[in-house]
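# Fold and contact review
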Amino acid sequence: MTAATGTAPPPWAGAATPRTPGEALALLADRRATGALHGPLGSLHLVDGRVAAAQSSRAPGLADLLIGCGRITPEGWAELLRIHGPRSRVGEELVERRLLTRGELELGHLGTLFDASFFVLADPGGGVWRFEADARHWLGPVADVDPARIRREVARRRQLLDGIWPWGQLDTAPVRPVEHVRRASHRPSGRRRRELLDHADGRRTPADLARLLGRSGFGVTADVRRLAAAGLLDAPLPADVPRPPDVPTAAQVPEVSPTAVPAPEVPPPVTSGPAGGLHRRIPGASLRGAGLPGAPVTADPAAARTGTPAGAPAGADTGTDAPTRSERPPTTAAAHPLTVPDPDIALLTRVRDLLEARL
């Protein structure tokens, strides 16, 4: 690692120059330094030796998440940063304007801090690093983290990625799905991975997709490696990279016609669960009578009371083998997920994705 500074000597002057960003961070923590460590992939801001903020070109920042979920407009954020950024009061202003609660601010800040720190410290050390003494971050004091904890988390995440698919070029290359993935029979399971494939156009990198979808950079990177391991991405491998066991290649994925797949057998609803157990949830039952998609629909109220099929005259003989109303599964309308353009729900969805990225 090559260290460079402006006017002040580096904190490690007189000692061995650190070879990696992790070593530089450890030395700055020992010296209880305050300032910013700038590198090729981003910056770490320290206060008294503890990491107070981080930013990287490979990870969405707090501004990306807030703008993406509609909490603030791009123009509003630029104005907020211009007025309160030089005084390091952006975080306090977000809370005072009730754009975020204190808990939301801390959660979003720590999530972006760990996310950016991973990419900053993942640099193998070949670039030029510069320490800017006494530099303060525009967000201001929100929460800080012990550098040793950050280094442990970076090592854990790197090990996790290598265990999924040991090819780091995927982390920066454009994501290119293989052609057969476009067919419904080859779609991967999981909403997040399907969403990635839907927006992967062969030009967007994992970092581009993370910003576009408002998700953590590490979470998207891990999902991209999972898709590659499943043979769903156009990712040629060098000969010395072994394929993980029990993972089929794209050529080994059989062509399956959707009509050849038997429909799953749907069990009838349970009218009375066993002692101590839970009743089976009927889809749309909570929407009954609300007139919303997914609410149970009965064609004839009289038929619902008597068990007589709709259109049959009252008292008609329907046959001894005809099931009664209590035995017949309820008729439901086609299930449609509720789509609520609520910024709070969008933010909570991103919080969930952030927590899933740490699994």
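Reading guide: rules and limits
- Residues numbered from 1 in each chain as written.
- Predicted model: local features only at pLDDT ≥ 70, side-chain atom pairs only at ≥ 80, totals over all residues.
- Heavy atoms only, no water.
- Helix = DSSP H or I, 4+ residues; strand = E, 2+ residues; numbered from the N terminus.
- Buried < 20%, exposed > 50% of the residue type's maximum accessible area, 1.4 Å probe, protein only.
- Contact = heavy atoms within 4.5 Å.
- Areas by Shrake-Rupley, 256 points an atom, 1.4 Å probe, with all protein chains shown as cover.
- Pairing = 2+ DSSP bridges.
- Arc of directions from axis to C-beta.
- Axes fitted to C-alpha atoms, helices over the stretch in contact; angles between N-to-C directions.
- Parallel < 35°, antiparallel > 145°, perpendicular 65-115°, else oblique.
- Phe/Tyr/Trp six-rings, centres within 6.5 Å; stacked < 30°, edge-to-face > 60°.
- Lys NZ or Arg CZ within 6 Å of the ring centre and 35° of its normal.
- pLDDT = per-residue confidence, 0-100.
- Salt bridge = Lys/Arg side-chain N within 4 Å of Asp/Glu carboxyl O.

This part is about the overall build of the chain. Assigned secondary structure in the chain consists of 11 helices and 5 strands. Considering the chain as a whole, with its 359 residues, one finds that 38% of them fall into the buried category. Taking contacts inside the chain between residues at least 6 apart in sequence as the whole, the part at least 24 apart equals 67%. Here the chain has roughly 20,100 Å² of accessible surface; of this, 56% comes from carbon and sulfur atoms.

This part takes up the pairing of strand β2 (residues 35-39). When you tally the buried positions in β2, you get 4 out of 5 residues, the bulk of the element. Bridging between β2 and strand β3 (residues 42-47) involves 5 bridges; their strand directions are antiparallel. Each residue of the ladder has a partner; that of leucine 37, found in β3, is leucine 44. Hairpin connection between β2 and β3: a loop of 2 residues separates the two successive antiparallel strands. Pairing between β2 and strand β5 (residues 128-133): 4 bridges, direction antiparallel. Bridge assignment links leucine 37 to a residue of β5, and that residue is phenylalanine 131.

Regarding helix α7 (residues 191-199), the residues found buried are Arg192, Leu196 and Leu197. Looking straight down α7, one finds that the buried residues subtend no more than 135 degrees of arc, so they occupy a single side.

Further remarks concern the packing of α7 against helix α9 (residues 217-229). What describes two packed helices is the angle between their axes and the distance between those same axes. Between α7 and α9, the shortest axis-to-axis distance is 10 Å and the interhelical angle comes to 85 degrees. As the angle between them shows, α7 and α9 are arranged roughly perpendicular. Contacts between α7 and α9 involve Arg192, Arg193, Leu196 and Leu197 from the first element and Val220, Asp223, Val224, Arg226 and Leu227 from the second.

Okay, the packing of aromatic side chains next. On inspection of all chains with the given rule, the structure shows 3 aromatic pairs. Measuring from ring centre to ring centre gives 5.1 Å for phenylalanine 118 and phenylalanine 119, while their planes differ by 75 degrees; the resulting arrangement is edge-to-face. Residue phenylalanine 118 shares its accessibility class with phenylalanine 119, and that shared class is buried. Taking 5.4 Å as the distance between ring centres and 75 degrees as the angle between the ring planes, the aromatic pair formed by phenylalanine 118 and phenylalanine 218 counts as edge-to-face. Taken as a pair, phenylalanine 118 in helix α5 (residues 102-121) and phenylalanine 218 in helix α9 lie far apart in primary sequence, 100 residues in all. In terms of burial, phenylalanine 118 and phenylalanine 218 fall into one category: buried. An aromatic cluster is present here, built from Phe118, Phe119 and Phe218 joined pairwise through their rings. Its guanidinium or amino end placed over the ring of phenylalanine 218, arginine 157 lies 4.7 Å from that ring's centre, counting from NZ or CZ.

Right, let's get into the confidence of the model for the chain. Any residue range with low pLDDT should be treated as having predicted coordinates unsuitable for detailed reading. Mean pLDDT over the chain: 73, with 58% of residues reaching 70 or higher. Under a pLDDT of 50 for its full length, residues 244-341 has, in the predicted model, 70 contacts with residues more than four places off or in other chains.

Take the pattern of salt bridges next. Enumeration according to the criterion identifies 20 salt bridges in this entry. When the shortest N-O distance is used, the salt bridge between aspartate 144 and arginine 50 registers 2.9 Å. A residue pair is termed long-range when its members are at least 10 positions apart, and aspartate 144 in the loop between β5 and α6 (147-164) and arginine 50 in strand β4 (residues 50-56) qualify at 94 residues. In this structure arginine 50 comes out as partly exposed when scored by relative accessible area, which is 34%.

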